[in-house]
Amino acid sequence: MSTAAVELRGISKRFDAVVANDGIDLVLARGTVHAVMGENGAGKSTLMSILFGLVRPDSGEIIVEGEARSFSSPLDAIAAGLGMVHQHFRLFDSMTVAENVVFGAEPTRGGRIDRAAAAARVLDLAERYGLDTDPQARVGDLSAGARQRVEILKALHRDARILILDEPTAVLTPSEVTSLFTVVRRAAEAGTTVVLVTHKIQEVLDVSSEVTVLRDGRVSGRFVTAETTSAELVRAMTGREVEIVANPGTGSLGDTVLEVEGVSVAEARVERVSNVSLSVRRGEIVGIAGVSGNGQHDLVAAILGTTAVSAGRIRLGGDDVTGAPVAARRAAGLAVIPEDRRGEGSAVTMSITENLSLGHHRQPPIGRPNGFGRGWMSLAGARRRASEQISSYDIRTSGEKQPVGSLSGGNAQKVVIARELSFEAPLLIAEQPTQGVDVGAIEAIHGRLLDYRASGRGILLVSHEISELLALADRVLVMFAGEIVAEFDRTQASAERIGAAMAGAAAAAGEEWTA
Amino acid sequence: MIARLTRHPAVVPIGAVVLAILIGAVIILLAGLNPIDAYAAVLQGSLDPRNLDYTFAVWGFICGMGLVAAIPLRMGEFNLGGNGQLVLGGITAYVVASQLGLPGIVAVPLALIAAMIVSGGFAAVSAPLATRFGIPIIISTLLLSPVAVAVASYLVRFPLAEKGSGNAQTPVLPEDAHIWSLGDLRYTSVGLLLIIAVMVIFYVVDSRSAVGFELRVTGANRRFGEYAGLKPGRLALGAMGSAGAVAGLVGAIIVLSSPYRFIDGALISPGYTFAGLAAALLAGGRPALVPVTAILFTILQVGGASMERTAEVPRQLSDVLQGVVIVILALRVVLDARRAGAGKDS
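Source: prediction; values computed, not measured. In every chain, residue numbers begin from 1 and rise along the written sequence. Chains carry letters and ligands carry numbers; both start at the beginning, A for chains and 1 for ligands, and go up in the order they are written. The predicted nature of this model means local features are confined to residues of pLDDT at least 70 and side-chain atom pairs, given and counted, to a pLDDT of 80 or more, with totals for whole chains, interfaces and linings taken over all residues.

Description of the overall build of chain A
Selection criterion: Helix and strand definitions follow DSSP, with helices as H or I runs of at least four residues and strands as E runs of at least two, each counted in order from the N terminus. When we talk radius of gyration, it's over C-alpha atoms, and the globule rule is simply 2.2 Å times the number of residues to the 0.38. Residue burial here comes from a neighbour count, namely the number of other C-beta atoms, placed from the backbone, that lie within 10 Å of the residue's own C-beta, with 20 or more meaning buried, 12 or fewer meaning exposed, and in between meaning partly exposed. For every residue pair, C-beta atoms are placed from the backbone, and the pair is scored as a contact if these atoms sit within 7 Å.
The helix and strand inventory of chain A stands at 17 helices and 22 strands. Over its C-alpha atoms chain A spans a radius of gyration of 24 Å, differing by no more than 12% from the 24 Å that the globule rule assigns to 515 residues. For chain A, the spread of C-alpha atoms along the three principal axes comes to 75 × 50 × 45 Å. Counting only residues that meet the buried cut, chain A has 48% of its 515 residues in that class. Taking the intrachain contacts of chain A between residues at least 6 apart in sequence as the baseline, contacts between residues at least 24 apart amount to 68%.

Notes on helix α6 (residues 104–124) of chain B
Residue and element names in this part refer to chain B. Filter applied, for reference: What a helix should span is 1.5 Å times the count of its residues minus one.
Its 21 residues place the ends of α6 29 Å apart at the C-alpha level, agreeing with the 30 Å of an ideal helix rising 1.5 Å per residue. Turning to α6, its buried residues are Ala 107, Val 108, Ala 111, Leu 112, Ala 115, Met 116, Val 118, Ser 119, Gly 120, Phe 122, Ala 123 and Ala 124. Check the buried side of α6 and you find it contacts α5 (82–99), α7 (126–133), α8 (137–157) and α12 (232–256).

Quick notes on the pairing of strand β19 (residues 427–431) of chain A
Residue and element names in this part refer to chain A. Filter applied, for reference: Paired strands are those between which DSSP finds at least two bridges.
By the criterion of burial, β19 is predominantly enclosed, with five of the five residues buried. Two elements, strand β18 (residues 334–337) and β19, share four bridges in a ladder whose sense is parallel. In the strand pairing of β19, Val 336 is matched with Ile 429. Of the strand pairs in this sheet, β19 and strand β20 (residues 458–462) are connected by five bridges, and their pairing is parallel. Pairing of Leu 428 across the sheet is with Ile 459, part of β20.

Some points on the sheet that holds strand β12 (residues 218–224) of chain A
All names here are of chain A. Note the cut-off: Where helices are involved, their axes are fitted lines through C-alpha atoms of the stretch in contact, as for all axes, and angles between N-to-C directions lie from 0 to 180°.
The strand order across the open sheet built from six strands is β6-β9-β10-β3-β11-β12, with neighbouring strands paired in mixed fashion. The open sheet has two edge strands, β6 (82–85) and β12, and neither has a second partner. Each strand axis lies, on average, 20 degrees off the axis of its neighbour in the sheet, ignoring direction. In this structure, strand β3 (residues 33–37) lies alongside strand β10 (residues 193–198), joined through five bridges in parallel fashion. Paired with Ala 35 across the two strands is Leu 196, which belongs to β10. Its contacts with the sheet put helix α1 (residues 44–51) on β3, β6, β9 (162–166), β10 and β11 (210–215), and the angle it makes with β9 is roughly 150 degrees. Of the strands in this sheet, β3, β9 and β10 touch helix α6 (residues 174–189), which is tilted by about 145 degrees from β10.

Description of the domain arrangement of chain A
All names here are of chain A. Rule in force here: Each domain's extent was defined by an automatic or database domain assignment.
Domain annotation of chain A identifies domain 1 (4–238), domain 2 (243–333 + 425–515) and domain 3 (351–420). Measuring from the centre of the C-alpha atoms in domain 2 to the corresponding centre in domain 3 gives 27 Å. Listed per partner, the contact involves eight residues of domain 2 and seven residues of domain 3.

A short note on the confidence of the model for chain B
All names here are of chain B. Selection rule: On a range of 0 to 100, pLDDT expresses the predictor's confidence in each residue.
Per-residue pLDDT for chain B averages 89, and the proportion of residues at 70 or more is 94%. Element-level pLDDT for chain B is lowest in helix α1 (residues 2–6), with a mean of 52, against a maximum mean of 97 in α12. Segment residues 341–346 is flagged for pLDDT under 50; beyond a separation of four residues in sequence, or across chains, it makes 11 contacts in the model. The ipTM, which scores confidence in the relative placement of chains, is 0.87 for this predicted complex, and the corresponding pTM is 0.75.

Thoughts on the sheet that holds β18 of chain A
Residues and elements named next belong to chain A. Reading across from one edge, β18-β19-β20-β15-β21-β22 is the order of the six strands in this open sheet, with mixed pairing throughout. Looking at strand neighbours, the two that pair on one side only are β18 and β22 (483–489), the edges of this open sheet. Neighbour-to-neighbour, the strand axes of the sheet open up by a mean angle of 20 degrees, direction not taken into account. Note: strand β15 (residues 285–289) against β20, four bridges, orientation parallel. Across the sheet, residue Ile 285 finds its bridge partner in β20, namely Ile 459. Packing against the sheet, helix α14 (residues 409–421) makes contact with β18 and β19, and its axis sits at approximately 175 degrees to β18. Contacting β15, β19 and β20, helix α15 (residues 439–454) runs over the sheet at an angle of about 145 degrees to β20.

Some thoughts on the pairing of β22 of chain A
All names here are of chain A. Where strand β21 (residues 475–480) and β22 come together, six bridges link them in antiparallel fashion. Within β22, the residue paired with Arg 475 across the bridge is Asp 489. From the end of β21 to the start of β22, which pair antiparallel, there are two residues, and Ala 481 there has a positive phi angle of about 50 degrees.

Considering the nonpolar core
Short version of the rule: When buried Ala, Val, Leu, Ile, Met, Phe, Trp, Tyr and Cys residues are joined through C-beta atoms within 7 Å, the set is termed a nonpolar core.
Judged by nonpolar contacts, the single largest core of 252 residues is most densely connected at Leu 461 of chain A together with Ile 62 and Leu 256 of chain B. The element best represented in this core is α12 of chain B, accounting for 15 residues. Leave out the neighbours within four places in its chain, and Leu 256 of chain B touches Ala 93, Ala 97, Val 108, Ala 111, Leu 173, Ala 177, His 178 and Ile 179 of chain B.

Looking at the packing of helix α4 (residues 52–74) of chain B against helix α9 (residues 190–208) of chain B
All names here are of chain B. What counts here: In what follows, roughly perpendicular refers to angles from 65 to 115 degrees, roughly parallel to angles under 35, roughly antiparallel to angles over 145, and oblique to any angle outside these ranges. Handedness of a helix crossing follows the sense of rotation of the near helix relative to the far helix, less than a right angle counterclockwise being left-handed and clockwise being right-handed.
The N-to-C vectors of α4 and α9 enclose an angle of 25 degrees; their axes lie 9 Å apart at closest approach. Put simply, α4 runs roughly parallel to α9. Two packed elements cross with a definite hand, and for α4 against α9 that hand is left-handed. In this structure, α4 uses Phe 56, Ala 57, Gly 60, Cys 63, Gly 64, Leu 67, Ile 71 and Arg 74 to contact α9, whose residues at the interface are Gly 191, Leu 192, Ile 195, Val 198, Met 199, Phe 202 and Asp 206.

A few points about the packing of helix α13 (residues 272–282) of chain B against helix α14 (residues 290–311) of chain B
All names here are of chain B. Where α13 meets α14, the closest approach of the two axes is 8 Å, and the angle between their N-to-C directions is 140 degrees. One element, α13, and the other, α14, form an angle in the oblique class. Judged by the sense of rotation from one axis to the other, the crossing of α13 with α14 is right-handed. Counting all contacts with α13, which are made through Ala 275, Ala 278, Ala 279, Ala 280 and Leu 282, the residues of α14 involved are Val 290, Thr 293, Ala 294, Phe 297 and Gln 301.

A closer look at the interface of chain B and chain A
Threshold: Polar here means any residue other than Ala, Val, Leu, Ile, Met, Phe, Trp, Tyr, Cys and Pro, which are nonpolar, and Asp, Glu, Lys and Arg, which are charged; Gly is therefore polar.
Taken together, the 20 residues of chain B in the interface contact 34 residues of chain A. Listed by contribution, the elements that provide at least two residues to the side of chain B that touches chain A are α10 (210–220) and α11 (222–227) of chain B. Classifying every residue of the side of chain B that touches chain A gives nine nonpolar, five polar and six charged.

Side note on unusual backbone geometry
With an omega of 5 degrees, the peptide bond running from Pro 364 of chain A to Pro 365 of chain A counts as cis. Residue position: Pro 365 of chain A is located in the loop between α12 (352–357) and α13 (379–392). With an omega of 5 degrees, the peptide bond running from Ser 258 of chain B to Pro 259 of chain B counts as cis. Within the fold, Pro 259 of chain B resides in the loop between α12 and α13. Unlike most non-glycine residues, Asp 394 of chain A shows phi in positive territory, near 55 degrees. As for its position among the elements, Asp 394 of chain A is in the loop between α13 and α14.

Written as structure tokens, this is what we have:
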């Protein structure tokens, strides 16, 4: 038996014209934490889906503990000793922790589920790996961090010897991240091989012992973590050095373009946003920090008008738009880069031209504004406008007719950004503007946002990345559980203070990981 | 390479048709008959030069009812109420053409326009039902359709019935109110030209107009449309109104054509509505493809009768093939959704 827990040899997979994996070799040594990093679209998710039997490779070998395997479903992978914690949890909200953990491999007594044995099993595993959990709690009542612990327990219950964690920190507060890493280290010491899929360099340096970097579907670097630096990892991810855009600081402030006054949003009687007030002026970038799911998106939806407010008022450039439809708000001077690119920000089956045209299709050069041609579009005008934006935003595509769904995540994001910035609205809401974008393009997008501010417009920037907020925002508001719990001026803001505010209330509520 | 070929958008629809024909052949074989004879009879019956007049007329009606399904399909809505809209248009056209005593040059256009307005208005009701009360358009159209059919049936049996006739039918329209024929063709009339004109208008509006673009965006991703400020409720009102108007037009043309009267059940029983729906689905709602896919269902429809005569295969086989095509296309929707899920790399 070799020392490798898993060996992938020459894995290739293509989706239509997109080569997701191109001859990838990956060796995971037993009992180590191995980071697989790369930008979105680099092929990490595809590679992990192949390893876990969700996707079949076009070619290549999967060798688990010395034995060649061919997985036709995740059940085969689980049987071979693999476990995966997905970015989006796959749990039954209405059932208890214990029921979720043992699902699919239940301890039975006389043909019935042995609940006592299940609970005991969960407690035993939890203690062994330092995962604090209550087996009788309903999963629907748990925080994101606690649900993730349930996912990990589920894998451990099935005797996973190789544990794949896909972007595990995306939904966690900083203190939850620290505790997760304690669990990861403990699991590795106990002989479990952990694969950490991430694009965050700091995490890789903190917890992994080896790193494989992917770029454009190929391995672009293999490192022993202790012998590498963040600069080296960034170079492997992007192929070049990256400069961090420095926040050039505030210019002169102009009129108020957005005023939110005591706004609350309730959905199915649960208050998502509670009594939030904020304002954005011309020449200013106001940041909203917070762990995903603390009401930021509901606040944005309320300002855009896709969600109704239950209390409060919203003014755009002085006009009260509280009950107004989306079209009226956009006409009053609003553009939005939404968080959910595929679901809300684009039509993936439609062409780049069509995606770039929406909202601009009644104005020149696409729409014919007056007289006889009113209501008709110039397809040539739309194409010309699209090809200009493709070159000015450096959208990598085979042509303006290509469907947005077949672009890489970063290029699809550029389509959204190009469309929204070109409204030249007095207020831009940018929600996670650089998610899924490669490090090189992040620079370009940050530069665009700073130019937008410099042109005398206002931006409300919602981000999970503290570094992004520090690089761009003049003020940072922190949201937790639907409320604004802290506000920092540019001069007072620091990663530690923002992070503490993002997590502070979570710790108080006793949701912290305890190792 | 093969993978790329199998992903071509035309593969599934063409495959569906081929598979349907093969399944039909198996059914005919199991019945102890000869499938080649049967299919030859279908082609012969529909493409025989002596029948072409009738074939073209049927193609026009299926194209028309294809649009009735295709227009809402552009924004992702299913209009299953074609029958009710068709019948309502037919009865309206009959009333206007027969009861107002107008000269033909006024009566015929007025009858067509009135039919379009009444059917359009009737179909449009489904839009506010969806926006205000959350009743899906696919449901309300399906459930409202028999109501319209029943109302028309009542009218033709009682107030408008031909006296002394045992059939549920109206008297024949005055000669003046017959739709203008093309030369001495018996079935094909100016109505076919109107339907072709409507198809051209749909194509141009779909590809060149702001509203057509907004419909397609809404069909591709409704949330994207709402986020950009489009109003799906208003678009649905327009799409359903236009679809209903086209159905009304088809109904009016049928009633104003030979045998120039409204006969209870005569608009529904040929199955134009569901042949049109199948053609629209097979075309994926694309305006330029509807007339092409309609050819297939026209051949099945018209040739079915001669297949029954010469090969002794019941004409219901046409409906079976139509059904198989729809099932395969529905399967594609499911498989596409799965593929999209697997191929996602976020």
